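Survey of secondary and tertiary structure
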Amino acid sequence: MLIVTCIKQVPDTTQVKIDPETGTLIREGVPSIINPFDAHALEESLRLKEKYGFRVLALSMGPPSTEMTLRKALAVGADDAILLSDRAFGGADTLATSMVLAEAIRKISAQEEVALVICGKQTIDGDTAQVGPGIATRLGYSQLTSVDRVDEIDMRRKRITVRCKFEGRYEILESSLPAMVAVLREINRPRYPTVPLRIISQEAELKVWDNRSMQLSEDKIGLKGSATAVRRIFSPDREKGQILAGDEVNDPDQAARRLIEVLVSKNLISVQ
Amino acid sequence: MEEKKRIKKPLGVARLLEGKCIFCGARCQSACPKDCVEMTEQGEPIIDITCCIGCKKCVKICPSQAIEMYFTPEQQRLLDEIARHGAPAAEEEAGQEEVINSASDSGYRGVWVFVEQINGEPAAVSWELLGVGRHLSWQLKVDLCAVVIGEKVQHLCSESFAYGADKVYIVDEPVFRFYRTQPYFVALCNLVNKYKPEILLIGATGVGRDLAGALATCLNTGLTADCTGLGVDEKRRLLMQTRPAFGGNIMATIVTEKNWPQMATVRPHTMHIHEKDPSRSGEIIRERQYIAEDDIATKIIEIIERTQEGSVDIAGADFIVSGGRGMQSADNFRILQELADELGGVVACSRCVVDAGWMPAERQVGQTGKTVRPKIYIAAGISGAIQHLVGMQNSDIIIAINRDKHAPIFEVAHYGLVGDLFKIIPSLTRQLKALRANGKT
Amino acid sequence: MSSQVLLFSALFAIAVGFFLLSCYLRFSLVTIGKPDNRFNELGQRFSNMLLYAFGQKRVVTRSYLFGLNHAVFFWCFLILLIANTEFLLHGLFPASVSLSLLPDILYFTLTFIFDIVSFFALVAVLIALGRRLFVPPKYIDARTYDAFVILGLVATLMLAFFTLHGSEIALGEERAALYMPVSAFMGNFILARLPGGTLTALVTAAWWVHAVALLGFLDYLPYSKHMHILTSIPNCFFKSLEKVNTQPREEFHKGSAYGVGRVDQFRWKDLFDSFSCTECGRCNDNCPATRSGKSLNPRLVIHNIKENLLHNGRQIGKGLEPALPLIGTCREGCVTETDLWECTTCGACMEVCPVFIEHVPKIVGMRRNLVEMKSTFPGEVQSLFENMENRSNPWGIIPAERGKWVTETDVPPFEKNQTECLFYVGCTGAFDTRNKRNTLALTNIFNNAGISWGVLGKEEKCCGDSLRRLGNEYVFEQMAKENAALFQDLGVKKIVTQCPHCYNTLKNDYRQFGLNLDVSHYSEFILDLIKAGKIKLKASAGLGRVVYHDSCYLGRYNGVYDQPRELIKLSSGHTPLEMERHRQRSFCCGAGGGHMWMEENADTRINMERVRQALQQKPDTICVCCPYCVTMIEDGLTDLKVTDNIAVLDLSEVIQRALV
Ligand SMILES: Cc1cc2nc3c(=O)[nH]c(=O)nc-3n(C[C@H](O)[C@H](O)[C@H](O)COP(=O)(O)OP(=O)(O)OC[C@H]3O[C@@H](n4cnc5c(N)ncnc54)[C@H](O)[C@@H]3O)c2cc1C
Ligand code: SF4
Ligand code: SF4
């Protein structure tokens, strides 16, 4: 029985800024990292592996350099890793991405039964949170998102019980396997790799699948399979260091009003 | 003259502009018909100019205008010459331009808003969506329709009209009592396929995002998540969806050009609710769905209200009001709690506060406490020692309230208020309350 | 051959055989340890042995009275070793070996010395007994029965000695009677009253008591803490020739185990150390963790290593799995994880240990095992590890911001082949608003001196100190290699650091990575500039009473004690005040060994304890020399609510004020 964890390698977005003067991106030395949400997904997979004895497979679609991130997954204890990499996959939006991932999982499940697909809630570079649901819909798996706790897996009845965190409430849901579970950051704390595993993961062999082995129609993947296109990027106007009320302003009410005005005007809060 | 006729317009080669690439995911590489683009480790293109045929596909596809055409001085001279003689310029450009179907001939019409509800209680974001939806529908000159799905939700129709809907599609059946992905997306999918709206807006709540992801996949259309700004390109009937990307460090405007409906989830609190007009009404269209309870894999075991009391999870909170030694006593944290309640957030603190026993250790933010990433972090009476800063530096917006204008917290704050927190905080709470009370009526 | 001789010979043979066997069984265990070359520079080693073992240099420097007592013991022991050897040989070969066969002058001198020395030994024993009974030192907290057995045996030995010789004198059989004042006193004034026959019996009885006590002592020795009698002298010989200010490198081969998780993963010298501990308790007495009520007790760490070795050594030698875990919770023979994480690596224990036991490498070795093999450590440390690895600073701040402080003032960049001296700012100096003040002060001072200096700005990387002390050697090694490459690439030869931790790491740890740099701490560097006339200071008032706090990594780790004091004097016009614990015996601020990044129970914080010690001097200014100390002392003051009129200043700030 397999848990497939989908992970994405992303640029460390906290290090990406737009230069206010030139309008270009400042991203000198911005390293690639494992998408933080996916690190939690991986951790949850490993915990379930320890509890129920699954095998964990880390799956990622991305350029060849994604190998590094998959090795990190092996270093914390994933049993296997597959990299989906092909020029034809490039430029994909979430629709096209979920297509490739779902097909890969279909292929994997032909060899070994897949019980769960675990994804992070969203990625930090895209924030879309829809690859998980996309995979679930394509494969017809149960879809459980915003999960902050996996309560139980009943292998005999093929049922899974989780807790989902929604606005103002938790829901305890039970559903059937195979399921796609998208986890929140709160669910766990990812472990730190041990040195022996790190060393092994450096040398481990990774499987790389390209579109020759996947045989997907070029219209459905990559740029061509994507429905959305970015028109324009620009800098959010939230520069640091604005003093709204200096010490000369001795009127706290006015200071508070200015703050509220600014927050409302920037859609940060609403007063309705 | 003879000679000039033979001048072929140089096409140039594509070149990356330093520092402009946003690692969008190799769009240029996949656009290149000749495979001349390699991606670096970081995801930046390297264009092999020896094989570039100057087709400009990559230039056009790049979302951040990071690629330009480059001409050698030689070619530039030729170009200039051609320009001077006003010669064959026009011929190629038009031919190469891809003709994109415009929405006008897609057959999809109308702006739809999904009305989210729990137990018949509508989520405020639904009315915000109707608010922005109205503007969009006016611009596109179509109807604004609300979609209500649930059990015993009839009353939401009139509310939808009051907040701006022209039409309401309603599905009212027992299987829809609680939100579950499968029945909801199937129902909505059926409706969309039947009525073909051009725009579908859903709130970017936990439920909304769950639903939208599944729905977009089943409709095979684009979805832009968590938008904070919406507009339309009237000519091409395109929804211009603006949202923060890269952890909020940049904003991106995204369009869905060749698939319909154009779907977006919209971040709560970012759109204005239209003034409620109870006198409005409109057409109600009832729809039946035939989904059997037994066919639904997911069961709801329990719903637990999340209250402010008990163990508060500051790590996952969207709004945090945090107090430091400047609070002076455990009692004074009451004023922070009041503000937090008003914002729908939680109270956190610096280490000094935990040391003094004013707050439990699980509320500590910082190096040896928790790391938080709220949308708004308000630091009151916190000096901003680096040990504290590391725990909250990635908050979307940081607001500092401190008496000491040299306090290091102001170096990281987006907005700073120099002054006495005991006056400013209560005033903030009071004014927010007052404004909201006004807004409601 | 008389039956007495026969009986004694048999007894002797058994006792010595048993002793030798015990020694073999115990010391052979040491060989399961890993290799460590301690046989180089023999000359230096012999002189260490003379100075520290025979000279008892470290023993007497502490608490005078009882330290002296030990020296008396030690010297008595050595002298009586001769007397007792004679005693044993005489017992075996009564006819051929005896002191009395010596010429009078020699015989009389020796008997005189033995008599007096035995008396001193007896007195020392009684003092020690009395002390244990009536004023038990608080650091001697276990195994006192062991002490009583030994003291009892020694007392018996001495008493038997006097009874034996006293009786002989009383019987008039001792020709040296006149030269044995104590025995003679015993014989003439006490024993002489006994009837004649009893005296002869008493001679025999006393002789046997003496013989049995002596052989008993010999056999008990290897099993008692007094084994140090056998091991401490060689341990002084094997002592590290340099200050123990770094930890050994580790080899990361595939398939091996990293760090010390089993007793055989220590180096042999570490195991030998454990046999050499005198259980004197000096280490706990100076340990900031022990003193602030933590469970860590460096003496017990060493003791438990020994117990673990004794328990598991044989099995491991046979290639079996050890029965008792080294790191774990058991009553005796295990070191707990908590203990390991509580150490601040301040080095106070190593500084006072009379037999030069090296505690910190052992503790760090075991931490390595926890981090590298098991991935268990206090939760707070994980973000530190990740931040260091991913962003090369402890807070995970964007590396590009490291150079930001440079924009605030006029700072030259380090240029290859041009700049002479690199100012290595360090993470705290570059990112922490409070400690940026020190950085700016130093910038000011260096500019003032008109020297060729520069910084790396955002190219600078963290030195990795905390990682190494916390046992994350794997990532430390990556960082060290990166830095080494960077320095070599830029042709850096001379470095001045702000932070004592960077200083120690660049200077001592990096040598293991093939980097031999001329590293100085700014206090050394600036004092040299002053001596060279490049900087002039004018003592400025306004600091009030200044007390100086020694940073562990500057003082104990690198012996820089005088320069900061000198600089304070030049800047303020007065020699700084000293806390009770200062220089070698200074008390940690609580930040070393990775503790800067760990939470500490609010009731018993080390920094608060140190601040209390400083407050005893009623200072107006507490001057420190390390960014970690700045934070710790400032936080300690606020926690004790005494911030109002006491300033915490880094030495650089003090100097800056005095610049002319
Ligand atoms: C190992 C270690 C770990 C640490 N970990 C953490 C950690 O995880 N989290 C953490 O927070 N700290 C941590 N610290 C402590 C840190 O160094 C600072 O001491 C602490 O953050 C300071 O807290 P503060 O800002 O609340 O207090 P202060 O620094 O005392 O600041 C109080 C501020 O309140 C302002 N103020 C006072 N009254 C008013 C008023 N009426 N109106 C407006 N402003 C007012 C003052 O101007 C001042 O700036 C750690 C320290 C160490 C040594
Ligand atoms: S190094 Fe310092 S803290 Fe660690 S055991 Fe020794 S004295 Fe205690
Ligand atoms: S380790 Fe050294 S200082 Fe500590 S008890 Fe043993 S001999 Fe004494």
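Here's a quick rundown of the structure.

**Brief notes about the site of ligand 3**
The environment of ligand 3 is formed by 13 residues, the closest being C:C277, C:C280, C:G281, C:C283 and C:C353. Split by residue class, the shell around ligand 3 holds seven nonpolar, three polar and three charged.

**Details of the sheet that holds strand β9 (residues 142-154) of chain A**
With mixed pairing, the 10 strands of this open sheet are ordered in space as β13(A)-β7(A)-β6(A)-β1(A)-β8(A)-β12(A)-β9(A)-β10(A)-β11(A)-β17(B). The outermost strands of the open sheet, each flanked by one partner alone, are β13 (207-209) of chain A together with β17 (299-305) of chain B. Taking each pair of neighbouring strands and ignoring which way they run, the sheet shows an average axis angle of 30°. Here strand β10 (residues 159-166) of chain A pairs with strand β11 (residues 169-176) of chain A via eight bridges, running antiparallel. Bridged to A:F166 within β11(A) is A:R169. Against the sheet, helix α2 (residues 67-76) of chain A engages β6 (55-61) and β7 (80-84) of chain A, with an angle of about 165° to β7(A). Across the sheet, helix α4 (residues 131-139) of chain A lies against β1 (2-6), β8 (114-120), β9 and β12 (179-183) of chain A, angled at about 70° from β9(A), the strand it touches most.

**Notes on helix α25 (residues 606-615) of chain C**
All names here are of chain C. For α25, a buried count of seven out of 10 residues is recorded, marking the element as mostly surrounded by other parts of the structure. Buried within α25 we find I606, N607, M608, R610, V611, Q613 and A614. Structurally, α25 contributes buried residues whose contacts are with α12 (288-291), β5 (546-548), β6 (621-624) and α26 (627-639).

**Overview of the state of the cysteines**
Applying the stated criterion across every chain, the model contains two disulfides over all chains. Each sulfur of the disulfide joining B:C189 and B:C218 lies 2.4 Å from the other. Within this pair, whereas B:C189 is found in helix α8 (residues 181-195), its partner B:C218 is found in helix α9 (residues 206-219), the two being separated by 29 residues in sequence. Through a disulfide, C:C330 is tied to C:C334; the S-S separation comes to 2.0 Å. Taking the sign of the torsion about the S-S bond as the criterion, the disulfide between C:C330 and C:C334, at about 110°, is right-handed. Not engaged in a disulfide, the cysteine C:C499 finds its nearest cysteine sulfur in C:C502; these two sulfurs lie 4.2 Å apart. The thiol sulfur of C:C552 is not disulfide-bonded, and the nearest other cysteine sulfur, from C:C588, lies at 4.0 Å. Exposure remark for C:C552: the relative accessible area of 9% places this residue in the buried category.

**Quick word on the interface of chain C and chain B**
Taken residue by residue, the interface counts 19 residues in chain C and 12 residues in chain B. Both sides together, the interface formed by chain C and chain B hides about 1300 Å², and carbon and sulfur atoms give 43% of it. Contact with chain B buries area across many residues of chain C, yet C:W395, C:T433 and C:E599 alone supply 36% of it, more than any other trio. For the pair chain C and chain B, the number of links is two salt bridges.

**Regarding the interface of chain A and chain B**
Each partner contributes residues to the interface: chain A has 91 residues there, and chain B has 109 residues. Each partner contributes to the roughly 9000 Å² buried at the junction of chain A and chain B, and carbon and sulfur atoms together form 54% of this total. At the surface where chain A touches chain B, the tally comes to two salt bridges. Between chain A and chain B we count 16 residue pairs in polar contact (both at pLDDT 80 or more) in total. A total of nine residues in the side of chain A that touches chain B trace back to one element, the largest contributor, which is helix α7 (residues 252-265) of chain A. Tallied by class, the residues present in the side of chain A that touches chain B amount to 35 nonpolar, 31 polar and 25 charged.

**Overview of the pattern of salt bridges**
With the rule as written, the count across this model stands at 72 salt bridges over all chains. The residue A:E67 makes a salt bridge to A:R71 at a minimum N-O spacing of 2.8 Å. Taken together, the positions of A:E67 and A:R71, both in helix α2 and four residues apart, correspond to about one turn of that helix. Under the relative-accessibility criterion, A:R71 is labelled buried at 14%. Measuring nitrogen to oxygen at the nearest pair gives 3.0 Å for the salt bridge that ties B:E293 to B:R180. Remark: B:R180 occurs in the loop between β9 (167-172) and α8 and B:E293 occurs in the loop between β16 (283-286) and β17; sequence separation between them is 113 residues. Judged by relative accessible area, B:E293 falls into the partly exposed class, the value being 33%.

**Description of the packing of helix α19 (residues 433-449) of chain C against α26(C)**
Residues and elements named next belong to chain C. Contact geometry for α19 and α26: axes closest at 10 Å, N-to-C directions at 135°. Classified by the interaxial angle, the pair formed by α19 and α26 is oblique. Helix-helix and strand crossings are classified by hand; for α19 and α26 the assignment is right-handed. Residue-level inspection shows R434, N435 and N438 of α19 in contact with α26, the latter providing P627, V630, T631 and E634. Counted by class, the contact of α19 with α26 contains two nonpolar, three polar and two charged residues.

**Points about the sheet that holds strand β13 (residues 238-245) of chain B**
Strand order across the open sheet formed by four strands is β14(A)-β14(B)-β13(B)-β12(B), with antiparallel pairing between neighbours. Across the chains shown, the open sheet's two edge strands, defined by having one partner strand only, are β14 (228-234) of chain A together with β12 (229-233) of chain B. Neighbour-to-neighbour, the strand axes of this sheet turn through a mean angle of 30°, independent of strand direction. With six bridges joining them, β14(A) and strand β14 (residues 250-256) of chain B adopt antiparallel strand pairing. In the sheet register, A:A229 faces β14(B), and the bridge partner there is B:V255. Contacts between helix α6 (residues 124-140) of chain B and the sheet are confined to β12 and β13 of chain B, with β12(B) contributing the most and set at about 5° to the helix.

**Some remarks on a nonpolar patch on the surface**
Residues and elements named next belong to chain C. The grouping of F112, I113, L178 and Y179 at the surface amounts to a nonpolar patch, some 410 Å² of accessible area in total. Tracing the backbone through its elements, the reader meets Y179 in the loop between α6 (144-170) and α7 (181-190). For Y179, a relative accessible area of 36% translates into the label partly exposed.

What counts, and at which threshold
- Residues numbered from 1 in each chain as written.
- Chains lettered and ligands numbered in written order.
- Predicted model: local features only at pLDDT ≥ 70, side-chain atom pairs only at ≥ 80, totals over all residues.
- Heavy atoms only, no water.
- Near = heavy atom within 4 Å.
- Nonpolar A, V, L, I, M, F, W, Y, C, P; charged D, E, K, R; others polar.
- Pairing = 2+ DSSP bridges.
- Helix = DSSP H or I, 4+ residues; strand = E, 2+ residues; numbered from the N terminus.
- Axes fitted to C-alpha atoms, helices over the stretch in contact; angles between N-to-C directions.
- Contact = heavy atoms within 4.5 Å.
- Buried < 20%, exposed > 50% of the residue type's maximum accessible area, 1.4 Å probe, protein only.
- Disulfide = S-S within 2.5 Å.
- Buried area = accessible area lost by both parts, 1.4 Å probe.
- Salt bridge = Lys/Arg side-chain N within 4 Å of Asp/Glu carboxyl O.
- Polar contact = N/O pair within 3.5 Å; in protein donor to acceptor, adjacent residues only side chain to side chain.
- Parallel < 35°, antiparallel > 145°, perpendicular 65-115°, else oblique.
- Left-handed = near helix turned anticlockwise from the far one by under 90°.
- Patch = residues over 30% accessible without salt bridge, like charges linked within 9 Å, V, L, I, M, F, W, Y side chains within 5 Å.
- Areas by Shrake-Rupley, 256 points an atom, 1.4 Å probe, with all protein chains shown as cover.

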